[in-house]
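Reading the structure
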Amino acid sequence: MPGAATVPEAGLAEAALEQQFERTIARDQRVEPRDWVPDAYRATMVRQIAQHAHSEIIGMQPEGTWITRAPSLRRKAILLAKVQDEAGHGLYLYSACETLGADRADLTGWLISGRQKYSSIFNYPALSFADTGVIGWLVDGAAICNQVPLCRCSYGPYARAMIRICKEESFHQRQGYEQLMTMMNGTAAQQEMVQGAVDRWWWPSLMMFGPPDAASPNTAQSMAWKIKRHTNDELRQRFVDMTVPQAEALGVRLPDPDLRWNPTRGHHDFGAPDWAEFRQVVGGNGPCNAQRVAHRKAAHEAGAWVREAAAAHAAKQAARDGAVA
Ligand code: BYC
């Protein structure tokens, strides 16, 4: 019976590969693109990295609307550089995703068709210039809390991408804070503008960490695989504890009547975000979802000729190189 022996052998080989994978995770070593991984690990990593990449790319839009309206050349140059950094983060992350066998064109297609998610936070509008500072302070601040532990993620290419991204996000956070400090030392109208932006972005920033642990279907498995190192609620708490003294130094009020220091816990207590609103936004019905995706789709279509030209150039180059060889 030809082939009969190969089935158990294949099973044996797969079991050995699985053990090797489990050993890598248990020893806190990195999984690399050449390594065998369970299908579910690959699917989880592609989901998370793609969602992260899409967030960086869609995340250019709220602040991007202020580049032409920045109040000075200096602020325009800073904002332009910051938004370009987010594009760079998207590119490293799409590359990391490709090491798992994902196709870049598919990923973009899945973003545009709504099959893959991106962070809820970018579905809110940036209504005043102060919003660009608050996005730097709170949104990049929340991103750092979430992403510093991802530098120790079990998937090597993602962990390494996170190191550089975190350095740049830290710079963005400080730059946003510096902008807000300047505005808080300005006129009453500027101070009001900052407070209004904090009121708008506080709760959506808390939602960036994902649903509460009890409603997070992926956390347990992602922690077991050392993709996530902390739960959503642990990181949300860390962000609140980090941000409260910064808000005091800035002179702004965080819009939560339940926010207070709890000496017993050694942490701040805080109110619950509106999880119904979170579900609406993640489900595609936030204030700017349609606009964000339509804008990305239009940019993708407008860029088709660049992709075609680049592919034609690469084909010509390859033919020329082939002819020389
Ligand atoms: N928004 O089981 P859970 C930036 C989804 S951009 C939308 O807890 P998980 C920046 C989740 O994907 C930084 N969807 O999931 C850029 C899952 O989906 P499925 C963006 C959310 O993965 C420009 C479902 O809900 N950062 O810094 O264990 C300017 C259940 O959740 C959200 C990242 O992408 C959300 N907020 O944990 C400025 C970080 N939360 O299974 C700044 C990388 C959850 O239904 N990602 N979902 O398809 C992560 O760390 C994790 O994926 C999460 C969620 C903590 C977000």
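The structure presented is a predicted model; accordingly, all values stated were derived computationally and were not measured. (Residues numbered from 1 in each chain as written. Predicted model: local features only at pLDDT ≥ 70, side-chain atom pairs only at ≥ 80, totals over all residues. Heavy atoms only, no water.)

In terms of helices and strands, the chain carries 13 helices and 2 strands. With the principal axes as the frame, the chain shows a C-alpha extent of 85 × 60 × 35 Å. Relative to its full complement of 325 residues, the chain shows a buried share of 46%. Restricting the contact set of the chain to residue pairs at least 6 apart, pairs at least 24 apart contribute 77%. A total accessible area of about 16,300 Å² is found for the chain, and carbon and sulfur atoms account for 59% of it. (Helix = DSSP H or I, 4+ residues; strand = E, 2+ residues; numbered from the N terminus. Buried < 20%, exposed > 50% of the residue type's maximum accessible area, 1.4 Å probe, protein only. Contact = heavy atoms within 4.5 Å. Areas by Shrake-Rupley, 256 points an atom, 1.4 Å probe, with all protein chains shown as cover.)

As used here, a disulfide is simply a covalent bond connecting the sulfur atoms of two cysteines. All chains considered together, the criterion is met by 0 disulfides. Here Cys97 is not disulfide-linked; the sulfur of Cys153 is the nearest cysteine sulfur, at 12 Å. According to the relative accessible area criterion, Cys97 is buried, its value standing at 0%. With no disulfide of its own, Cys153 lies closest to Cys151 among cysteine sulfurs, the gap being 9.7 Å. (Disulfide = S-S within 2.5 Å.)

A few words on the nonpolar core. Among the nonpolar cores identified, the biggest contains 73 residues, and Tyr41, Met45, Ile49, Trp137, Tyr155, Tyr158 and Trp201 are the most heavily contacted of them. What Met45 contacts, discounting residues up to four positions off in sequence, is Ala50, Leu100, Cys153, Tyr155, Tyr158 and Ile227. (Core = buried A, V, L, I, M, F, W, Y, C linked by side-chain atoms within 4.5 Å.)

Together, Glu14, Glu18, Glu22 and Asp39 line one region of the surface with negative charge. When residues of the negative patch are assigned to their parent elements, the largest contribution, 3 residues, is made by helix 1 (residues 6-26). Within the secondary structure, Glu22 sits in helix 1. (Patch = residues over 30% accessible without salt bridge, like charges linked within 9 Å, V, L, I, M, F, W, Y side chains within 5 Å. Salt bridge = Lys/Arg side-chain N within 4 Å of Asp/Glu carboxyl O. Lys, Arg positive; Asp, Glu negative; His and termini not counted. Charge placed at Lys NZ, Arg CZ, Asp CG, Glu CD.)

Next up on the list: the layout of surface pockets. Take a probe with the size of a water molecule and roll it over the atoms, and the empty space left behind shows itself. Volume-wise, the largest pocket comes out at about 1,200 Å³. Every residue lining the largest pocket is counted, 49 residues in all, and those nearest its centre are Gln51, Ser119, Met208, Phe209 and Gly210. For the lining of the largest pocket, the secondary structure elements donating two or more residues are helix 2 (39-58), helix 4 (73-98), helix 6 (129-147), helix 7 (156-184), helix 10 (232-250) and helix 11 (275-285). Among the elements that take part in the lining of the largest pocket, helix 6 stands out by supplying 7 residues, more than any other. There is about 480 Å³ of room inside the second largest pocket. The wall of the second largest pocket is formed by 17 residues, among which Ile57, Met60, Arg296, Ala299 and His300 lie closest to the centre. Counting only elements with at least two residues in the lining of the second largest pocket, the list comes to helix 3 (60-64), helix 4, helix 5 (104-113) and helix 12 (289-302). Considering every element that reaches the lining of the second largest pocket, the biggest residue donor is helix 12, with 6 residues. (1 Å grid on protein atoms, 1.4 Å probe; cavity = no way out; pocket = protein on both sides within 12 Å on 5 of 7 lines; lining within 4 Å. Points joined across faces, edges and corners; volume = space filled by probe spheres on them.)

Between helix 6 and helix 10, the shortest axis-to-axis distance is 10 Å and the interhelical angle comes to 145 degrees. Of the two possible hands of crossing, helix 6 and helix 10 adopt the one that is right-handed. Between helix 6 and helix 10, the contacting residues are Trp137, Leu138, Gly141, Ala142, Cys145 and Asn146 on the first element and Leu235, Arg238, Phe239, Met242, Thr243, Gln246, Ala247 and Leu250 on the second. Along the lines of polarity and charge, the residues of the contact of helix 6 with helix 10 split into 9 nonpolar, 4 polar and 1 charged. (Axes fitted to C-alpha atoms, helices over the stretch in contact; angles between N-to-C directions. Left-handed = near helix turned anticlockwise from the far one by under 90°. Nonpolar A, V, L, I, M, F, W, Y, C, P; charged D, E, K, R; others polar.)

The next subject is the environment of Tyr92. Position of Tyr92 among the secondary structure elements: in helix 4. Take Tyr92: its relative accessible area is 25%, and that puts it in the partly exposed class. Note: C-alpha distance between Tyr92 and Met181 (89 residues apart in sequence) is 32 Å. Setting aside chain neighbours within four positions, we find Tyr92 in contact with Ala161, Arg164, Ile165 and Glu168. Among the polar contacts made by the side chain of Tyr92, one reaches the side chain of Arg164 at a distance of 2.7 Å. (Polar contact = N/O pair within 3.5 Å; in protein donor to acceptor, adjacent residues only side chain to side chain.)

Another aspect to go through is the confidence of the model for the chain. In the predicted model, the chain carries a mean pLDDT of 95, and 96% of its residues have values of at least 70. A low-confidence stretch, residues 1-5 stays under pLDDT 50, and its non-local contacts, those more than four residues away or across chains, total 0 contacts. (pLDDT = per-residue confidence, 0-100.)

As a further point, take the packing of aromatic side chains. Geometrically, a pair of aromatic rings is defined through the distance of the ring centres and the angle of the planes. Inspection of every chain in the model, using the stated rule, returns 8 aromatic pairs. Taking the centre distance of 5.4 Å and the plane angle of 80 degrees together, the rings of Tyr41 and Trp225 count as edge-to-face. Highlighted residues: Tyr41 in helix 2 and Trp225 in the loop between helix 9 (219-224) and helix 10, separated in sequence by 184 residues. The class of Tyr41 is buried, set by a relative accessible area of 0%. Accessibility expressed as a relative area gives 9% for Trp225, which makes it buried. (Phe/Tyr/Trp six-rings, centres within 6.5 Å; stacked < 30°, edge-to-face > 60°.)

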